[in-house]
Amino acid sequence: TMMSSALSTGVVGFGGNFLSTEARALEKHLFEWEVETDEFTAFLVCGEGFFNRNTLCNPELVTNFLLDPVTTCKDEFLFCNTLVEDVCQQRGEPVPKADRFPMAIIFSKVYRILEPKVTDPSWQGVRRAALEFLTEFAQEASTPHIRVAPVRTMLAAAFFTILMS
């Protein structure tokens, strides 16, 4: 497959608390397994918001995000059937056109739109941490993707689901 051909020597892993102090309850882990050269590598990335929040609502969208986050976040249908679309419609505001903004601005707009809906202080901290990570991710000179930065890209996908909920 496209993903496995670029990665054949191992999976870089991360374990530990990478969220702000307020968000410690939602600690995430990525683990490392060594694989032989020329072996295929599989990645598993999950988050409750992928499917039940329609953030990246099918395996194809998750894969597209991992391979090319910028193009995925500029999809004109990015906000269709999501909480962002619902909130904008409830307020009588237009849904942002994701294809018109840089990725960091898209993340900021999502945060701003959904911020009033989040009343739990710990979840507010988690969403702030997600926005900080995603903003940094989006502003890197060359936006990471699964082939060059697997851990950062999988974290970005997971954080995107947090930001969109």
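Residues numbered from 1 in each chain as written. Predicted model: local features only at pLDDT ≥ 70, side-chain atom pairs only at ≥ 80, totals over all residues. Heavy atoms only, no water.

## Some points on the pattern of salt bridges
For step 1, the next point in the chain: Under the criterion given, the structure shown has two salt bridges.
For step 2, the next point in the chain: As a salt-bridge pair, Glu 136 and Arg 152 come within 3.5 Å of each other at their nearest N and O atoms. In this pair, Glu 136 is assigned in helix α7 (residues 121–138) and Arg 152 in helix α8 (residues 150–163), connecting sequence segments 16 residues apart.
For step 3, the next point in the chain: According to the relative accessible area criterion, Arg 152 is partly exposed, its value standing at 24%. (Salt bridge = Lys/Arg side-chain N within 4 Å of Asp/Glu carboxyl O. Helix = DSSP H or I, 4+ residues; strand = E, 2+ residues; numbered from the N terminus. Buried < 20%, exposed > 50% of the residue type's maximum accessible area, 1.4 Å probe, protein only.)

## As for the packing of helix α5 (residues 83–91) against helix α6 (residues 103–114)
For step 1, the next point in the chain: As a packed pair, α5 and α6 sit with axes 10 Å apart at the nearest point and diverge in direction by 55°. Between α5 and α6, the interaxial angle falls into the category oblique. Both α5 and α6 take part in a crossing whose hand is left-handed. Across from Leu 83, Val 84, Val 87, Cys 88 and Arg 91 in α5, the residues of α6 making contact are Val 110, Ile 113 and Leu 114.
For step 2, the next point in the chain: A class-by-class count of the residues in the contact of α5 with α6 yields seven nonpolar, no polar and one charged. (Axes fitted to C-alpha atoms, helices over the stretch in contact; angles between N-to-C directions. Parallel < 35°, antiparallel > 145°, perpendicular 65-115°, else oblique. Left-handed = near helix turned anticlockwise from the far one by under 90°. Contact = heavy atoms within 4.5 Å. Nonpolar A, V, L, I, M, F, W, Y, C, P; charged D, E, K, R; others polar.)

## As for the confidence of the model for the chain
For step 1, the next point in the chain: Taken residue by residue, the chain gives an average pLDDT of 76. The fraction at 70 or more is 68%.
For step 2, the next point in the chain: Confidence drops under pLDDT 50 across residues 1–29; counting only partners more than four residues distant or on other chains, this segment forms 62 contacts. (pLDDT = per-residue confidence, 0-100.)

## Observations regarding the packing of aromatic side chains
For step 1, the next point in the chain: Applying the stated criterion to the full structure yields four aromatic pairs.
For step 2, the next point in the chain: Judged by centre distance (6.0 Å) and plane angle (10°), the ring pair of Phe 65 and Phe 160 falls under stacked. Of this pair, Phe 65 sits in helix α3 (residues 59–67) while Phe 160 sits in helix α8, and the two are 95 residues apart along the sequence.
For step 3, the next point in the chain: Look at Phe 133 and Phe 137: their rings are 6.3 Å apart centre to centre, the planes differ by 15°, and that puts the pair in the stacked class. With Phe 133 and Phe 137 both in helix α7, this residue pair falls four residues apart, about one helical turn. (Phe/Tyr/Trp six-rings, centres within 6.5 Å; stacked < 30°, edge-to-face > 60°.)

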